[in-house]
Amino acid sequence: MIDTFLEVGWQKFAWDKDTALWARVALAAATEVLSDPQHVHWYQCENTWFVGVDTLPNELDGSIKDTPLIGPAMTALQSDMGFSSELHRAQISAIFPGYPRPRANETATAFRYRLQKCGAHIDGLLREGEKRRRYLREPHAWILGLPLTDCTKETSPLVVWEGSHHIMTRFFSKTLAEYPVEQIYDLDLTDVYLDARREIFETCTMVPVCARPGEGYLVHRLTLHGIAPWRSADHSQRIIAYFRPKLAQITDWPRLGSCTV
């Protein structure tokens, strides 16, 4: 059941044997991807972060090598949120000891933000042009995270600002309501995004999202989130698979509860 998702902006799902089996198979596939030379361009931050967008070789139903993607998370998405569409190939997000290091061409200010605010952002608002202004290019429905390795507070967990989706909804709903749908993709949303983010930092609490293979979590598309610095003496890595299907209607993006894919 999706009971806290809309309230706080994210929800964790309990360990499940079927999800754990999927995670084991997915980890084997992800390990191959991480060592594949054709994917070397996904290594960022001086090789401490493998971004890995759409690199997990899953099928459209989420299965890998005939291992189905089933469990509490998928059940909740299908029963409570009406998800019945195909899935894209998942992102493989892998973090290594030492994260973060500066990203290529990253300014000192941007790197300081990555360190101090965990690079907090919402997905889909992409920077473009010389002035690096933000435009809505990827209107996701939600973010589903499935850990493939243990993720603790020390091994660069995802962090979320609880309740931040309410603030983002308020700011973006007001702004986008003034424009017809065909103009939304052309809108510079930088200032409204920064104003909302400023209020979030002042009023919302950041919490780490720790989980192990077999568990999962759902994050609202408008929940401010980021990646915490690596603080463990462990010299392995943490790997998470992320699914972010696109909304059927871009006009649903600034709304709190519309998640139709």
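Below: a short report on this structure. (Residues numbered from 1 in each chain as written. Predicted model: local features only at pLDDT ≥ 70, side-chain atom pairs only at ≥ 80, totals over all residues. Heavy atoms only, no water.)

**Digging into the overall build of the protein chain**
Going by this rule: By the criteria applied, helices consist of DSSP H or I runs no shorter than four residues and strands consist of E runs no shorter than two, each listed in order from the N terminus. Whether a residue is buried, partly exposed or exposed follows from its accessible area with a 1.4 Å probe, protein chains only, as a fraction of its type maximum: under 20%, in between, or over 50%, in that order. Note on contacts: a residue pair qualifies if any of its non-hydrogen atoms lie within 4.5 Å across the two residues. Per-residue and other accessible areas follow the Shrake-Rupley method at a 1.4 Å probe size, with only the shown protein chains counted as cover for residues. Within this scheme the basic residues Lys and Arg register as positive and the acidic residues Asp and Glu register as negative, but His and the chain ends are omitted. For this purpose, a charge sits on NZ of Lys, CZ of Arg, CG of Asp or CD of Glu.
Along the backbone of the protein chain there are six helices and twelve strands. Each principal axis of the C-alpha distribution contributes one length, and for the protein chain these read about 45 × 45 × 35 Å. The buried share among the 261 residues of the protein chain stands at 52%. Counting only contacts in the protein chain whose residues sit at least 6 apart along the sequence, the fraction spanning at least 24 positions is 84%. When the accessible surface of the protein chain is split by element, carbon and sulfur atoms take 51% of a total near 12,300 Å². Between the mean site of the 28 positive side-chain charges and the mean site of the 32 negative ones, the protein chain shows a separation of 6 Å.

**Considerations on the sheet that holds strand β11 (residues 225-227)**
The cut-off we apply is this: When DSSP finds at least two bridges between two strands, those strands are taken to pair. A fitted line through C-alpha atoms serves as each axis, taken over the contacting stretch for helices, and the angle formed by two N-to-C directions is quoted from 0 to 180°.
Spatial strand order, β9-β8-β11: three strands in an open sheet with antiparallel pairing. On the outer flanks of this sheet lie β9 (205-209) and β11, each paired with one strand and no other. The mean angle between the axes of side-by-side strands here comes to 30°, regardless of whether they run parallel or antiparallel. Across three bridges, strand β8 (residues 158-162) lies against β11 in antiparallel orientation. For Leu158, the partnering residue across the bridge sits in β11 and is Ile227.

**Comments concerning the nonpolar core**
Threshold: Residues belong to a common nonpolar core when they are buried Ala, Val, Leu, Ile, Met, Phe, Trp, Tyr or Cys residues joined through side-chain atoms within 4.5 Å.
By size, the foremost hydrophobic cluster in this structure holds 62 residues, and its most contacted members are Trp22, Leu56 and Trp142. If sequence neighbours within four positions are ignored, Leu56 has contacts with Trp22, Ala26, Ala29, Ala30, Ile64, Arg89, Ala90, Ile92 and Ala241.

**Let's talk about the pattern of salt bridges**
Which entries qualify depends on this criterion: Between Lys or Arg on one side and Asp or Glu on the other, a salt bridge is scored when a side-chain nitrogen of the former is within 4 Å of a carboxyl oxygen of the latter.
Applying the stated criterion across every chain, the model contains twelve salt bridges. In this structure, the salt-bridge partner of Glu215 is Lys12, at a minimum N-O distance of 3.5 Å. Of this pair, Glu215 sits in the loop between β9 and β10 (216-220) while Lys12 is found in strand β1 (residues 10-13), placing the two residues 203 residues apart along the sequence. Using a relative accessible area of 13% as the deciding quantity, one classes Glu215 as buried. Lys12 sits in the partly exposed class, given a relative accessible area of 36%. The salt bridge involving Arg244 is made with Asp123; its shortest N-O contact spans 2.5 Å. Within this pair, whereas Arg244 is found in the segment after β12 (238-243), its partner Asp123 is found in the loop between α4 (108-117) and β5 (125-128), the two being separated by 121 residues in sequence. Residue class for Asp123 comes out buried when judged on its relative accessible area of 10%.

**Here's the deal with the packing of aromatic side chains**
The condition is simple: Side-chain rings of Phe, Tyr and Trp, where Trp is taken by its six-membered ring, are said to pair if the distance between their centres is within 6.5 Å; with planes under 30 degrees apart they count as stacked, over 60 as edge-to-face, and otherwise as tilted. Two limits define a charge over a ring: the Lys NZ or Arg CZ must be within 6 Å of the ring centre, and within 35 degrees of the ring normal.
Under the criterion given, the structure shown has nine aromatic pairs. Ring centres of Tyr43 and Phe50 lie 4.8 Å apart, and the angle between their planes is 65°; this geometry places the pair in the edge-to-face category. Here the aromatic residues Tyr43, Phe50 and Phe96 are joined through ring pairs into a cluster of three or more. Over the ring of Phe201 we find Lys117; its NZ or CZ atom is 4.4 Å from the centre of that ring.

**Examining the sheet that holds β1**
Backbone hydrogen bonds are what pair the strands of a sheet, in a parallel or an antiparallel way. Read from one edge to the other, the open sheet built from seven strands follows the order β1-β10-β7-β12-β4-β3-β2, with strand pairing classed as antiparallel. Looking along the sheet, the strands with just one partner apiece sit at the ends: β1 and β2 (43-44). Examined bridge by bridge, strand β4 (residues 91-95) and β12 share five bridges and lie antiparallel to one another. Paired with Ala94 across the bridge in β12 is Ile239. Sheet contacts for helix α2 (residues 17-34): β2, β3 (49-50), β4, β7 (142-147) and β12; angle to β12, the most-contacted strand, approximately 105°.

**Quick look at a negative patch on the surface**
For clarity, the threshold we go by: Exposure above 30% relative accessible area and the absence of a salt bridge qualify a residue for a patch, where like charges join within 9 Å and nonpolar side chains (Val, Leu, Ile, Met, Phe, Trp, Tyr) within 5 Å.
Taken together, the side chains of Asp3, Glu7, Asp80 and Glu162 make up a negatively charged region of the molecular surface. In this structure, Asp3 sits in the segment before α1 (5-8).

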